[in-house]
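Spelled out, the chains give:
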Amino acid sequence: MAPANTLPAWSELQAHRDDVAKSFVLKEAFSSDADRFSRFSRTFKAAGSADILFDFSKNFLTNETLDLLVKLAEQAGVERKRDALFRGDKINFTENRAVFHPALRNVGGWDMKVDGVDVMSGPNGVNSVLDHMKDFSEKVRSGEWTGFTGKKLTNIVNVGIGGSDLGPVMVTEALKYYGAPDMTLHFVSNIDGTHMAEALKASDPETTLFLVASKTFTTAETTTNANTAKSWFLEKTGGKGDVAKHFVALSTNEAEVTKFGIDSANMFGFESWVGGRYSVWSAIGLSVALYVGYDNFYKFLSGAHAMDKHFRETPLKENIPVLGGLLSVWYSNFFQAQTHLVAPFDQYLHRFAAYLQQLSMESNGKGITSDGSTAKYTTGAILFGEPCTNAQHSFFQLVHQGTKLIPADFILAAKSHNPIHDNLHQKMLASNYFAQAEALMVGKTDEQLRAEGTPEDLIPHKRFLGNRPTTSILVGDVIGPAELGALIVYYEHLTFVEGAIWDINSFDQWGVELGKVLAKKILKELDEPGNGEGHDVSTGGLIGAFKQFAKI
Ligand SMILES: O=P(O)(O)OC[C@H]1O[C@H](O)[C@H](O)[C@@H](O)[C@@H]1O
């Protein structure tokens, strides 16, 4: 595929930006076009999910912009690449792997094959793993599956990192309302011993179930944490504890799982075509199924599948994740935006941005195009975010008056799961959601400030230039499992579209390897004599100082 900047639509977009968009004033676009909201909004509709309204109208968009962006998508082969994804082609070309996570949520009965083999059926197929998850989660939840002293397992410790942690944490938090009231969850990811120590402090071995979640089962943090947990369990139970009842593995690597001491019957498998950051839909989601129940987990998959269907079948111009991805390219490459802010007006979504950080930045933080040449344009944006209204009281100063353009997504559910105080909280939350997007767009002029009696010397400080773009996402009900599934997949495919246009491989992650390898080497040095010799002077000096301070 050709680098994005060599596509004719790229030059047309540059000219268009110079001509029109540079001087585009959002609030004027609204005053001169009564239909702007309806023209640039799209509603996601699916059976089993509330409608989700995506309002793209507060973005730097004209009809011509949209046409040119769609043209760019066509020339970059977005549809062809999308079809290759759903066909099971090996689009992760540096690892020669299919990228087939949509199969994990294929509740619609699509024919899904990799190398001619149906991945849905068969003994290790998606459906049989789902059956295993259903059976196991129901047994644990009902108390039929007990610990070694016959007690119900109500304390779940998920041991995993990266995609084997972020999805389960985010989703169980987002669906806390549906969670089993008698269940406590811990997610231990960090190699920092504090993480495991604190979880164990709060755990009783008789009622604790450990889920060792690791696609590869070779990740140093996870295997070390899992071994620590196993030693703790055996020590606390005086060797009487039955590992088979208290440890299960979520992994693709049966050999390593068995080596660790977990019976392969207690392993929930998946295939190498599931990338870590797309694995919450797989066996890695077992903590979700345990916590919210299998029926809700299934609804979560169904909402995700509905967004897959929309993405797969909808023409580019109406395609919601395509529009999201195109806008991101528009801002990154034509307005030099460096960031993408995602602020959910929803406390349950407080880990949503952290989850999206891995999805977006591990996928598109790449600078090499498909032919091995360096991209001559910027790629993955720095994604960040926090829930609102909290974020408004911290970094929103920079969003409103800073010198950087920060395209932002705001997410709100029309209904709260907790309409306390006569729904006052939800109405206040909603009013902030509307107000922030409006304020970012309309700003505040010198005239308005003068009319309010602002002293002349303060006017520049109190001025809001406005014209800052936002996408508002409004879920038509509460955010339940299906709506959450659809929202996540919106961002998955938005990320896909960005990568397709940038002509990069969104599915490998070589960039995380170097640090891991060096850490392994340095770990040995910490136990050997020497003070960091052989490293650069700074690293060596730090290693030496650490050994001295820690008396190692
Ligand atoms: O699930 P695991 O194999 O333990 O991998 C956990 C994580 O570690 C790696 O470093 C990758 O960058 C992530 O994509 C992955 O999710």
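Residues numbered from 1 in each chain as written. Predicted model: local features only at pLDDT ≥ 70, side-chain atom pairs only at ≥ 80, totals over all residues. Heavy atoms only, no water.

Chemist: Tell me what's going on with the overall build of the protein chain, and back it up with residues and numbers.
Modeler: From N to C terminus, the protein chain includes 22 helices and 13 strands. The C-alpha radius of gyration of the protein chain comes to 25 Å, within 12% of the 24 Å expected for a compact globule of 552 residues. If you line up the protein chain on its principal axes, its C-alpha atoms span 75 × 60 × 55 Å. Among the 552 residues that make up the protein chain, the fraction classed as buried is 53%. Considering only intrachain contacts with a sequence separation of at least 6, the fraction spanning at least 24 residues in the protein chain is 74%. Total accessible area computed for the protein chain in this model is approximately 23,700 Å², and 54% of it derives from carbon and sulfur atoms. (Helix = DSSP H or I, 4+ residues; strand = E, 2+ residues; numbered from the N terminus. Rg over C-alpha atoms; globule rule 2.2 N^0.38 Å. Buried < 20%, exposed > 50% of the residue type's maximum accessible area, 1.4 Å probe, protein only. Contact = heavy atoms within 4.5 Å. Areas by Shrake-Rupley, 256 points an atom, 1.4 Å probe, with all protein chains shown as cover.)

Chemist: For the pairing of strand E12 (residues 408-413), give the residues involved together with the corresponding values.
Modeler: Taken across its six residues, E12 has six buried, putting it largely inside the fold. Burial of E12 is two-sided: the residues Ala408, Phe410 and Leu412 facing one way and the residues Asp409, Ile411 and Ala413 facing the other way are all buried. Of the pairings in the sheet, the one linking strand E10 (residues 339-344) to E12 comprises four bridges and is parallel in character. Following the sheet pairing, Val342 is matched in E12 by Asp409. (Pairing = 2+ DSSP bridges.)

Chemist: Could you give me a rundown of the pattern of salt bridges, with the residues and numbers involved?
Modeler: Enumeration according to the criterion identifies 28 salt bridges in this entry. Residue Lys139 is joined to Asp135 by a salt bridge in which the shortest nitrogen-to-oxygen separation is 3.1 Å. Placement of the pair is Lys139 and Asp135 together in helix H6 (residues 126-142), with a separation of four residues, close to one helical turn. A salt bridge links Lys366 to Asp508, with the shortest nitrogen-to-oxygen separation between them at 2.8 Å. Residue Lys366 is found in the loop between helix H15 (352-364) and strand E11 (382-384), and its partner Asp508 is found in the loop between helix H20 (481-502) and helix H21 (513-527); the two are separated by 142 residues along the sequence. A residue is classified by how much of its surface remains accessible, and Lys366, at 17% relative accessible area, is buried. Put simply, Arg105, Asp308 and Glu492 are held in one network by salt bridges that share partners. (Salt bridge = Lys/Arg side-chain N within 4 Å of Asp/Glu carboxyl O.)

Chemist: Let's hear about the sheet that holds strand E6 (residues 184-188): which residues, and what values?
Modeler: Spatial ordering of the open sheet is given by E6-E5-E7-E8-E9, a layout of five strands whose pairing is parallel. Both edges of this open sheet fall to E6 and strand E9 (267-269), since each of them pairs with a single strand only. The mean angle between the axes of side-by-side strands here comes to 20°, regardless of whether they run parallel or antiparallel. Of the pairings in the sheet, the one linking strand E8 (residues 247-251) to E9 comprises three bridges and is parallel in character. Its bridge partner lying in E9, Ser251 is registered against Gly269. Packing against the sheet, H6 makes contact with strand E7 (208-213), E8 and E9, and its axis sits at approximately 145° to E9. With respect to the sheet, helix H7 (residues 163-174) is in contact with strand E5 (155-159), E6 and E7, its orientation differing from that of E6 by roughly 150°. (Axes fitted to C-alpha atoms, helices over the stretch in contact; angles between N-to-C directions.)

Chemist: Give a description of the confidence of the model for the protein chain that names residues and reports values.
Modeler: Averaged over all residues, the pLDDT of the protein chain equals 97, while 100% of them reach at least 70. Across the assembled chains, the prediction reports ipTM 0.98 with pTM 0.98. (pLDDT = per-residue confidence, 0-100.)

Chemist: Lay out H20 in plain terms, naming residues and giving numbers.
Modeler: With 22 residues, H20 extends 32 Å between its outermost C-alpha atoms, agreeing within 8% with the 32 Å of an ideal straight helix rising 1.5 Å per residue. Extensive coverage of H20 is indicated by the burial of 22 of its 22 residues. Just downstream of H20 lies Asp503, where phi reads positive at about 60°. (Expected span 1.5 Å × (residues − 1).)

Chemist: Tell me what's going on with the nonpolar core, and back it up with residues and numbers.
Modeler: Counting 126 residues, the largest nonpolar core has Trp273, Trp330, Phe352, Leu484 and Tyr491 as the members making the most contacts within it. With 13 residues, the top contributor of residues to this core is H20. When residues are assigned to domains, this core turns out to be shared by domain 1 (4-97 + 301-502) and domain 2 (126-270), each giving three or more. (Core = buried A, V, L, I, M, F, W, Y, C linked by side-chain atoms within 4.5 Å. Domains from an automatic or database assignment.)

Chemist: An account of the site of the ligand is requested, with residue identities and associated values reported.
Modeler: Lining the immediate environment of the ligand, one finds 14 residues, of which Ser164, Ser214, Thr216, Thr219 and Glu362 sit closest. Gln358 is positioned with one of its side-chain polar atoms (N or O) 3.3 Å from an oxygen atom of the ligand. Split into classes, the residues belonging to the shell around the ligand amount to two nonpolar, nine polar and three charged. (Near = heavy atom within 4 Å. Polar contact = N/O pair within 3.5 Å; in protein donor to acceptor, adjacent residues only side chain to side chain. Nonpolar A, V, L, I, M, F, W, Y, C, P; charged D, E, K, R; others polar.)

Chemist: I'd like to hear about the packing of helix H4 (residues 63-75) against helix H14 (residues 320-334), residue by residue, with values.
Modeler: One way to put it is that H4 packs onto H14 with a least axis distance of 10 Å and a crossing angle of 100°. On the basis of the axis angle, H4 is roughly perpendicular to H14. Of H14, the residues touching H4 (which contributes Thr65, Leu66, Leu69, Val70, Leu72 and Ala73) are Leu323, Leu326, Val329 and Trp330. Considering only residue class, the contact of H4 with H14 consists of nine nonpolar, one polar and no charged. (Parallel < 35°, antiparallel > 145°, perpendicular 65-115°, else oblique.)

Chemist: I'd love a proper account of the sheet that holds E10, names of residues and values included.
Modeler: The six strands lie next to each other as E1-E2-E13-E12-E10-E11, forming an open sheet whose pairing is mixed. Each edge of the open sheet carries a strand with a single partner, namely strand E1 (41-44) and E11. Along the sheet, successive strands turn relative to each other by an average axial angle of 15°, direction set aside. Across three bridges, the pairing between E10 and E11 is parallel. By the bridge assignment, Thr339 is partnered in E11 with Ile382.

Chemist: Quick rundown of the packing of H14 against H20? Include the residues and the values.
Modeler: The N-to-C vectors of H14 and H20 enclose an angle of 50°; their axes lie 8 Å apart at closest approach. Between H14 and H20, the interaxial angle falls into the category oblique. As H14 runs across H20, the sense of the crossing is right-handed. Listed contacts from H20 to Ile320, Pro321, Val322, Gly324, Gly325, Leu326, Ser328, Val329, Ser332 and Asn333 of H14 are Tyr490, His493, Leu494, Val497, Glu498, Ile501 and Trp502. (Left-handed = near helix turned anticlockwise from the far one by under 90°.)

Chemist: Let's hear about the environment of Phe247: which residues, and what values?
Modeler: Here Phe247 lies in strand E8. For Phe247 and Met267, which are 20 residues apart along the polypeptide, the C-alpha to C-alpha distance reads 9.3 Å. Filtering out sequence-adjacent residues up to four positions away, Phe247 remains in contact with Leu209, Phe210, Val212, Ala226, Ala229, Lys230, Phe233, Phe260, Ile262 and Asn266.

Chemist: Give a detailed account of the side chain of Glu483, specifying residues and quantitative values.
Modeler: Here Glu483 is to be found in helix H20. Although buried, Glu483 forms no salt bridge, and the nearest oppositely charged side chain, Lys299, lies 8.7 Å from it. From its side chain, Glu483 meets the backbone nitrogen of Ala50 in a polar contact 2.7 Å long. In this structure the side chain of Glu483 is engaged in a polar contact, spanning 3.0 Å, whose partner is the backbone nitrogen of Gly480. (Lys, Arg positive; Asp, Glu negative; His and termini not counted.)

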